[in-house]
Structure formats: C-alpha cells, structure tokens
Amino acid sequence: MKKKRYGCGAGFSGGLAVFLLVSFLSGCGQAPQTASVWTDVPELVIAAQIFNKENSLFAVDIEYKANAASEVKKTSRPPSLVIAKYLLSKPLAKKFDSLDDLFSKYYLDPNDLYPALLSAGTQGAAHILMPMSFDCMVLVERKSGNASAGVTVLSPEALQRSSEAFTSIKNNEISAMGFSPRWNLEFAEDWLLAGGSGFSLNQNWKSTSALKPDDPNSWPVLWERENLEKSVEALLALNSGVTAEQENAFTFTYFNKPGYQLVLENRVLYWPMKASEFFRLPYSAKTQLRYRFPEVNQKIFLTADTRYMGIPKGAKNKKAALAFARWLLVAGNQEKIWREMQSQQLLPDYIGPFGGFSSIVRMNETVFSRYFPEYAQNPLVPSALPIVAALPDYWDSFSRDFLRHWLGDVLAGSTEGGSVDERFGTALEQYLGTMPDWLVSSR
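The present account deals with the structure reproduced in this document. Predicted model, so just to flag it, every value in this text is computed and none were measured. (Residues numbered from 1 in each chain as written. Predicted model: local features only at pLDDT ≥ 70, side-chain atom pairs only at ≥ 80, totals over all residues. Heavy atoms only, no water.)

### Overview of a positive patch on the surface
Heads up, the rule is: Patches here: salt-bridge-free residues with over 30% relative accessible area, like charges joined within 9 Å, nonpolar side chains (Val, Leu, Ile, Met, Phe, Trp, Tyr) joined within 5 Å. Areas reported as accessible are Shrake-Rupley estimates using a 1.4 Å probe. Residue values count occlusion only from the protein chains shown. Only one rule defines a salt bridge in this text: a Lys or Arg side-chain nitrogen within 4 Å of an Asp or Glu carboxyl oxygen. His is not counted here, nor are the chain ends, while Lys and Arg score as positive and Asp and Glu score as negative. For the purpose of locating charges, the reference atoms are NZ of Lys, CZ of Arg, CG of Asp and CD of Glu. The way it works is that DSSP assigns letters per residue, a run of H or I at least four long becomes a helix, a run of E at least two long becomes a strand, and they are numbered from the N terminus. Burial classification: accessible surface area is computed with a 1.4 Å probe over protein chains only, and a residue below 20% of its type maximum counts as buried, one above 50% as exposed, and the rest as partly exposed.
Positive charge collects at one region of the surface, where K90, K94, K95 and K313 lie side by side. By secondary structure assignment, the location of K90 is in helix α4 (residues 90–93). In this structure K90 comes out as exposed when scored by relative accessible area, which is 60%.

This is the structure:
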C-alpha cells in the first residue's frame, strides 16, 4: 500500500485537500532537526503547519497511518513521535520512552490534564504516553420545558425505568419505545468496556496452543469473564420491557430516518451516539435536543477513540518530538488550530483539531464550548472520567468482524445454550478458526 506523507511539499487527500495542497513547511528543509510523526489523525497536519511556521529550530513531518499502533509494533525503524489510538496495551507501551521531561524540562503542569487520562499512560512512576483527545457516548433526548431539568448523567437503573415508562404498547404493537442497546452496537460494546470486560492480547499465547475452555492461557484473547457476564445482563435489561420480536417490528416500521429525528418526533426517548456526532448535528436540531452521559460503575464511558502520543525507543530527533509534543499540550496553541480550522471552514464537519474532546480540561470549558455552545449545558466533570481501557492494536478488526456481530445476536436473543461466557467462548472459537489477519500477524 502506498504511504501517505504530509511533510515538506506534500499534498493531502480528503476533506482537507484544498487547504493542504499548499506546502506548509516554512523555509522547507532548513530546520536543523525534523521529527517524523506517525498519526491516524488527519487534522494534525494543520497543527504541523502552524508549528513549522513558528519554529526555526525544529520541524515536523506528518505521515498518516490508518493503524499507527500496529505499524509501530512491527517496525524496526520507528518514527520520532506517534499520536494514535491503541497505544496503551502492554506489548505496545513497552516500546515507548519516558515523557517525564515534559514535566521537568518543558514545565507541563499535570493538573491541566484529565487525571484519569493522564494516569492511564503511566508505568510505575514514569509517564510513558501522554493523552491527546477522547470521545464518549451520550444519550440524546428532547429538551423539556425547563432545559436545565433532570440530571446530567443516567445510571442504568434510571435509564431502565424511564425507558419502560415511555414505551407505549397497544394491541401488542409498539408505537413509542424508550431505548434499546441494539440501536447502536458501538454503544453496547463501549458498555462492556466500561464494565471492565478487559479484552486484551494474551502475551503468553503460542500459535501452537490448542484452545481449551478452562485454560485462559490457551486463548490469544483474554477477557474478564465475570464482568462480561454482568455487563451483558445489564444490557439485556435495557430493552424497555419489550420482546425482540416486538422491537424488530418497531424498528422495521419507523427506523427509516436518522435516530435524532425519531427523538424529535417523540418516537423514541433516548438515542445513543458519540458526543462528537451530536455536536455535528444540524443547529436546528441541537436547539431542540439535549444530551446526558450514561454511566456504568458511576463513571461515564469512553469510546475506543482515545488518542495518546509517545516517543518510541530508538527514535531519532527526540528533541524535535518533545518540542512538538509540548507545543500540542499548550491550550493557546490548540486554540490557534481551532481558529485555523474555522478559517478553512472545516468546522463543524471536524470536531476540533483531534477528532473529539481535548485532554486539556480548560480547552473544553472555554474553546470547545465557544464553537459548540451546547457543550456548556452539560460539561464533562473530570472526576467522572474512567481509567482508559488498554485495548489491543487489532481492536478495530476484532470489534468490526466479531464482537459487534456477537453482541447483536445476544441482544436479539438469537444465541442459545449455556451462560453468557460459554456462548461468548463458543462464538470466539469459531471466529478465531477463520484465522483473522491480526491473529496471523501475532504468530
């Protein structure tokens, strides 16, 4: 596959094409030290443009990698800096150097960042990975007469009660339904992660191992069996008191339009979506809607899109990498990126410079809410953020090809026999038998 580079004199395809056809490296080739950056965040090119214009000592060369985490795991020639999803898993985190210099020499204040995000990137006392951005799930509903009425989060119990109370069934047919986790399987998947299902790559697994149900070390994928069972049972309880057949008929009849439209029409009470998707909704719709954060174990739950940055061991030009990393974690610099995106009319199609909320608390409370005023109605509470799940680098494939399919079947009642964990193990064994690409590459 041809590599996509966004460096000195390079172009860019996609939504940023017009802007990025212009070379962004001021005094191209003159910087004494250039950091190569691998990232799965296309908007980072705008940050690189501004940084390169402002700096005479350092520059950055951006290279887009759709799965940067997997590329880092395989390469023997690492880049200077990586900014991407899925860097937290143990096999990958071991490949990164300490970033403690950001605090001791570059005067980064750890209090500027969300504590849960910051702590997830540590090994012992050392900071190995630094959080950049994150996204979370919300439940969208119609605004009540008093826009400030109600609580900002929804517990599983409150979600179940209000959903069942809203649901209307006449002559065994549903005319209105509160909520179902089947409407968004990414929501259901994130619920499992928030409940501590703990999916990870088994570092002790060997390709010669035969799968044994009672021997976790014989499986390439590990999970917390009790937490998985509890999480699935909790999801099954959120069916608004209807049968799978009734729900199927309801969705067949009414789900011919976007979910938020069903909320506006009072057809459903809650619609699950990413927070970034909510902020991209038409302004006319957002004026009639509000969002709340569903919570599990008294924490909101994040999507798999949390991005971290780190400097790989053996990387070259680390001073330039550290300078760029520190520059990115300055609120004023992030605001410059926002302004540049606005001038290029990239908002609201792109939700900020990094595809979601900033890891800097003040950025969300000031700049984010300036561009998306709806955020001020229900801002994030730092203490409500959970520790980020350390997902393996193959998560996108595992999720797309297996986990969401299995969740859909379980929530629809189409799997039978045994406990949730037994059914999961049976389905997982069948999936592993197809020899997915990520499994082959792990051998």
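### What to know about the packing of aromatic side chains
Aromatic ring pairs are defined here through the distance separating the ring centres and the angle between the ring planes. So the rule is basically this: Each Phe, Tyr or Trp ring (for Trp, its six-membered ring) is paired with any other whose centre lies within 6.5 Å, and the angle between the two planes then decides the class: stacked below 30 degrees, edge-to-face above 60, tilted in between.
Scanning the model with the defined rule gives 44 aromatic pairs in all. When the centroid spacing of 5.4 Å and the interplanar angle of 70 degrees are considered together, the rings of F278 and F279 count as edge-to-face. Judged by centre distance (3.9 Å) and plane angle (10 degrees), the rings of Y394 and W438 are stacked. Of this pair, Y394 sits in the loop between α16 (361–371) and α17 (395–411) while W438 sits in helix α19 (residues 437–441), and the two are 44 residues apart along the sequence. The exposure classification of Y394 matches that of W438, with both residues buried.

### A few points about the nonpolar core
Put simply, the test is: Side-chain atoms within 4.5 Å link the members of a nonpolar core, which is a set of buried Ala, Val, Leu, Ile, Met, Phe, Trp, Tyr and Cys residues. Residue contacts are defined here by distance: any two heavy atoms, one from each residue, within 4.5 Å place the two residues in contact.
Ranked by internal contacts, the top residues of the largest apolar core, which has 143 residues, are F398 and W406. If near-sequence neighbours (up to four positions away) are discounted, W406 is found in contact with L228, V232, V420, R423, F424 and A427.

### Topic: the pattern of salt bridges
Across all of its chains, the model carries 20 salt bridges by this definition. The salt bridge partner of R290 is E141, with a shortest N-O separation of 3.4 Å. Residue R290 is located in strand β15 (residues 289–296), and its partner E141 is located in strand β8 (residues 137–142); the two are separated by 149 residues in the primary sequence. You can call R290 buried: its relative accessible area is 11%. E141 gets classed as buried once you look at its relative accessible area, which sits at 6%. In this structure, D305 engages K274 in a salt bridge whose closest nitrogen and oxygen atoms are separated by 2.6 Å. Linking D305 in the loop between β16 (299–300) and β17 (307–310) with K274 in strand β14 (residues 271–274), this pair joins segments that are 31 residues apart in sequence. As far as the burial class goes, D305 and K274 line up, both buried. Salt bridges sharing partners connect three or more residues here, namely K85, E186, K274, D305 and D396.

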